[in-house]
Amino acid sequence: MSDTAATVTATKAAPATGKKVIRAERISFARLLIRALGISFASIISLALAFYAFYAMPQVQDLLFDAKPYLAQEFIYWAGFYIVGIFLWALPLVFTARLLLLQNFDEIGVDSEDRFRFIIFRLPSMYVVFAFLAVLIGILTAASNLPTPSPLHLGNPAEGPLRDYIEQHLITLFFVTLVVLVLVIIRNFFILGYGKQMQGLETKNPAAFKKTLIRFEKLANKVHADLDAMDLHLTQLKPDFLSMETWIAAQRVKVFMWRYMSWVWWIILALIALHFISYSEHVQGLFAATGVPSSDWFSSTMNLISDTLSMKRAVFLHVLFGAWLPFIAFLALLSNRYQFPFIATIIVVAIGLTLFISDGHDMRVIPLDAKQQAKLNPPSFQDAVSKWKAASGWNDRGCEQIPAEDPRLKDCPRPIIVAGEGGGSRAAFLTASVLGSLEDQSLDQVRDDSTARPFHKQLFAISSVSGSSVGAAFYIGALQRQSWVPLEKLKKALYRQRLWFLNVANAGKDNEKFLHDAVTYKDALQATLSNDFLSPVMMGYLARDVPTLSRFPMVLDRAGVIETAWEDAFADVYGLSRQKSPLSAPLQTFIAGETPDKWMPLLFFNSTSIETGRRILITPTKINAPLKDGSVLFADTYDLHELVCSNKNVANLRLADKIARFLPSIFSPLSGVECKDGKPITADIRLSTAVSLSSRSPFVSPHANIRDKNAQVVDSAVDGAYFDNSGAITAIEIARGLKVTDERLLPFVVQISNEPEWFPERCENGRRQSVLRPPLQDEADLKSLGTFGNIFTVNATRIARSYETIIEMPRQISAMNNGVISGKQIYICPQRKENFFWGKIVSASTPDMRVRSLQMQRNIQVTTKEHSAQGRKSVSLSWWLSPPLQAYLDAQVYSRHNKRTRNCVLSLLRSNTAGQYFGRRDPCGFKARPHISRRRRIFER
C-alpha cells in the first residue's frame, strides 16, 4: 500500500480472526507519535520519575556518593548498578512499551511498514537512551551538590581525603555512563542479540516458540481462529502492509519479551521472598535458637558480601523505577483483552480490603511475660526529679538545704534538657554525635577532675522529634551497652560498618589501627547510624504495602521493617541478637534507676495525632499526675499509654468499624490488656516502635494506628514534626515542670538544630544576631495548579512554627530562671555550591587546568563571607546519609560556631561553675566582668 495515499477506505475481512479491519483517513505523524506515547504511558511515567528524582531530589543524588572502601568492592557494586539498570529498568522500559504498542498499533493509526518499524522498534529503543541520560544528569547534579569540606584548621581530617575519593568516584561514573549512553545511541547494544537468540529457538525448539506466540495472542487479543493450525510465525494474522521479514522480526520480539518478562517476574518474586525472610522475626528466632556463635571473621565477610552484591541504595533505584513495569504491562494487556479496567479495579479492591482487615498500619506491640512485668516501675515526674538529684550530686553538695534566692545555688548542678530537631538520618546522626561527643568529653573531664560529672548523670530529659528520636534512642542504648563490650570486639564491629565515613576515608590504609586504643561513644554511635535504613523501608513499601500484604496479621508494614533495621544495626555494632538489642526492649524499662549510678535520662518522643492535630507524647514516665501547684505537666497533650489504656465503647461503633476491627481484635496483643496508673502492664511497645511513632515521615512511613484494650483504633500517630519539628515546646514545658517541682532548680536547655537554612546569617556574619528577620520571598506569578499550592501551606506553617519556637525558647527559659542564661543552640551552617566537576575532568589531560583544579580545591577550603540562597547546597533528608555528609556533620559538631555551646555544657558538669571563670571568658555568660577593660575584652573577642 502506498505511503503517499491521502485516504484509504477499504473494508476487508481478516481470514484468520473473522474481524473487520476498517482503514480510515490517514493521521499525521505528530498525532501518531502522541498516541504511541500515550499507549506506552508506563514507560513515560517511569522516565519522568527518574528525571525528576535525579535532577531535583538531593536524597537520590546522595545515593551516587556511595563510594566503597575497597577498589574491588567499588567495581563489583557499581558494575551491578549498571547491570541491574540495564536488565531491571532499561529493558523493561523497552519491552513494556513494545508489548503495548504491538497490541495497539492498528488502533493508533500505523498503516505502513516504515511507521511500524519506527513505532515498534525505534521509539521504545529511545527510552533506553533517556534512561541513562537521567543517570548522567543525576551524576552532574550530585557533583554540584557534593558537601564542601570545612576549613582545615576547623574541620574533620577525613573530609579532604573523602572529598578527593568521592570526586574520583563521580568522574569515573560520569565516563562509564557516557560510554553506556554512546553505545545505546550508536546501536541498540544491549538487546542486539535477541534476534539471533530467538532465531536459534525457532530451529531448536519450534514448538516452544509457537506456544509462546499463541499464549501471547490469547492473553492480548480475542482470537476466534484456530491458532494451533497456523504456521510457526502465525503469518495469517499479518497485516497486508507489512513485509514477511518485518512480521517475523515482530514475532521474535514478542517471544523474547514474553520469556524475558517471565524471568523478571521470577527474579522479583525471589527478591520479595528474601526480603520477607530477612525481616521475619520467626526466622530470626530460629537462627538465635540454634546457639551457633558466629565468628568476627564470618560476620565481617558476610557483611562485605551483602553490601557488595545486594540491591541497596543506588542499585535499588533501578528496581524502584522498573520493577513495576512488567506488572503494569500485564494488567494493560488484560484490560485491552477483556475491555475491563483491571488496574482501577485492583486499587478499588485494595481500598475495599480496609473495610474488613483494616489498613495494616498498626503499631507493633509485644506481650510482656512475668519477668518483664516485674521490671516495670515507671516513675512520676516528681519521682524522676528526686532521682535526678541523687544521681547528679545535688544532694551530695548540700543543695537540698540551700534556700531559694541564695547565690550558692549557682554552684549546684543544673538539670540539662536536650531538644532535638527532626530530619531523618541527618537529625539522627547529628543528635547522636552531639550527645556522644558530650558524653566522651565529660568522661575525659571526670578523669582530670574527680568533682566533675558524666554528661548523662546531669542530663535530665531528651525531647526529640522524628530523626532526632532515633539518635536519642541509640544514645540511651549505648549508655546501657557500650561499657560491657570488649574493646577489640567493638573495634572490629566498627570496621565492619562499610558505610561509615571513616572507613571510606581510610580506604587502602592501615584502617585496623585508626581507632587506636579506644572507641568513643560518638564513634560507635556514628558507625551504627551510618547504616542504610532507606533501602529496607523502600523494599518494604514495594514488597508489603503496595501488594497490601501488610494488611494481614503477623506481616510487618514498611514502618515495622525500618524498626527492625534499627534494631539490627544497633545489635551488629554492640554484639547482640535482634531480640536482645536495647531497641527491642519494652519502652517502660527505660526508666530512671533505683540507685544514682543507674540514672537514665527521661525520654519524650513527640508525635502528632491525625484525628485532632494535638501532640502525642511517647514516654515511659507517668505524665498525667498533677504537679505541686495542681497543674499538669503537658497541656493539651495525649500520652500514648493513656490512649492504649482507654476503653472505647465497642457497642456504639458503626457496623463498618465493627467489621474492620474484627480480624485485628483477634490477633492484636492489646486486646484485653491490663493497665495500672494509666500505663499498660501486660503489653508494651518496643523502644524502636516508640522512635518510629515519632518519625513517621510523609510518604516514607505510614501513619500508625493506636488501639485500645478493646483492639479498637482510638487514634493514629504521624510524624511529630507536624506539631513542632524542634522539640522545643516539650522542652520548655519540662523546664517549667522542674521549676514547679523545685523552684531552686535552674534548668538549662540545649537545642540541636540540623537545618542549614535556619541560621545562615550567623554563619555568614560570624556573630549571633539577637533578632533574626525572615528574608523576603519571591512569590510566583504563575499558579498553574490553582489552589493546589495551598496544600503546601501545612508544611510551610510547621517549618515557620518550629523556627519561631527555636528563637523564642532561650528567652522563655531565661525568664523562668530570673534572667540567668539558660539556653544554647547547636546548629549547622549551609554550604556554597561550586562547579568543580568540569575542571576536574579536563585537568586529567591539561597541565594548566590541573593547576587551576588545585587552586579550586584550595578555594573550597576557604569559608565564604556571603553567599545567596540560590548558591547554597541542598542537604539530603532521608533514611540514609552519604559518607561526605557524615563527615560534614561531624565537623559541624566541633565547628567554631558550636564550640562555645559545647564548652558551656561541659562547664555545667563541674563544681563551682559560676566562680571559676574570673578573669577570662565565661562560656555560658553567667557572669558580667566589669573589672576587665574594654580594650582587653575586644582583644579577647
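Novice: Outline the packing of helix 17 (residues 424-448) against helix 34 (residues 896-908), supporting the account with residue identities and numerical values.
Specialist: Remark: helix 17 packs on helix 34, axes separated minimally by 10 Å, with the N-to-C direction vectors making an angle of 50 degrees. By the criterion of interaxial angle, the relationship of helix 17 to helix 34 is oblique. In this structure, helix 17 meets helix 34 at a crossing whose hand is right-handed. In this structure, helix 17 uses Leu438, Gln441, Ser442 and Gln445 to contact helix 34, whose residues at the interface are Arg902, Val905 and Leu906. When the residues that make up the contact of helix 17 with helix 34 are grouped by side-chain class, the tally is three nonpolar, three polar and one charged.

Novice: I'd like a rundown of unusual backbone geometry, residues and numbers included.
Specialist: Peptide bonds are trans in most cases, and residues, glycine excluded, mostly fall at negative phi. The phi angle at Leu234 is positive, at roughly 50 degrees, despite the residue not being glycine. In this structure, Leu234 sits in the loop between helix 8 (206-220) and helix 9 (244-278). A relative accessible area of 0% means that Leu234 is categorised as buried.

Novice: Before we move on, could you go through the pairing of strand 14 (residues 748-752) and cite the residues and values that matter?
Specialist: By the criterion of burial, strand 14 is predominantly enclosed, with five of the five residues buried. Side chains Phe748, Val750 and Ile752 of strand 14 all project onto a buried face; the interleaved residues Val749 and Gln751 project onto the opposite face, where all are buried too. Judged from the five bridges that link them, strand 4 (residues 416-420) and strand 14 form a sheet pairing that is parallel. Looking at the pairing, Val418 lines up with Val750 of strand 14.

Novice: So what's going on with the side chain of Lys679? Residues and values would help.
Specialist: Topologically, Lys679 is positioned in strand 10 (residues 679-680). Once residues within four sequence positions are removed from consideration, Lys679 is found in contact with Pro378, Gln588, Thr619, Pro620, Thr621, Lys622, Asp639, His641, Cys645 and Glu674.

Novice: Now, about the nonpolar core: what can you tell me, with residues and values included?
Specialist: Formed by 191 residues in total, the largest nonpolar core has its most connected members in Phe116, Ile119, Met363, Phe455 and Phe605. When residues of this core are assigned to their parent elements, the largest contribution, 20 residues, is made by helix 4 (residues 71-108). In this view, Phe116 contacts Leu102, Phe105, Val110, Phe121, Phe241, Leu242, Thr246 and Ala250; residues no more than four positions away in its chain are not counted. Counting 34 residues, the second-largest nonpolar core is a separate cluster that includes Trp388, Phe460, Leu617 and Leu627.

Novice: Tell me about the packing of aromatic side chains, residues and numbers included.
Specialist: Any aromatic ring pair is given by two values, namely how distant the centres are and how the planes are angled relative to each other. As enumerated under the stated definition, the model contains 25 aromatic pairs in all. Grouped by ring-pair contacts, the aromatic residues Tyr77, Trp78, Phe81 and Tyr82 constitute a single cluster. Arg544 extends its terminal NZ or CZ atom over the ring of Phe276, reaching a point 4.2 Å from the ring centre.

Novice: If you had to explain the state of the cysteines to someone new, which residues and values would you point to?
Specialist: Enumeration according to the criterion identifies two disulfides in this entry. Here Cys399 is linked by a disulfide to Cys412, with a sulfur-sulfur distance of 2.1 Å. Where Cys399 bonds to Cys412 through sulfur, the torsion about that S-S bond is close to -110 degrees, and the disulfide is left-handed. Of this pair, Cys399 sits in the loop between helix 16 (381-392) and strand 4 while Cys412 sits in the loop between helix 16 and strand 4, and the two are 13 residues apart along the sequence. Of the two residues, Cys399 and Cys412, both sit in the buried class.

Quick notes on the rules
Residues numbered from 1 in each chain as written. Predicted model: local features only at pLDDT ≥ 70, side-chain atom pairs only at ≥ 80, totals over all residues. Heavy atoms only, no water. Axes fitted to C-alpha atoms, helices over the stretch in contact; angles between N-to-C directions. Helix = DSSP H or I, 4+ residues; strand = E, 2+ residues; numbered from the N terminus. Parallel < 35°, antiparallel > 145°, perpendicular 65-115°, else oblique. Left-handed = near helix turned anticlockwise from the far one by under 90°. Contact = heavy atoms within 4.5 Å. Nonpolar A, V, L, I, M, F, W, Y, C, P; charged D, E, K, R; others polar. Buried < 20%, exposed > 50% of the residue type's maximum accessible area, 1.4 Å probe, protein only. Pairing = 2+ DSSP bridges. Core = buried A, V, L, I, M, F, W, Y, C linked by side-chain atoms within 4.5 Å. Phe/Tyr/Trp six-rings, centres within 6.5 Å; stacked < 30°, edge-to-face > 60°. Lys NZ or Arg CZ within 6 Å of the ring centre and 35° of its normal. Disulfide = S-S within 2.5 Å.

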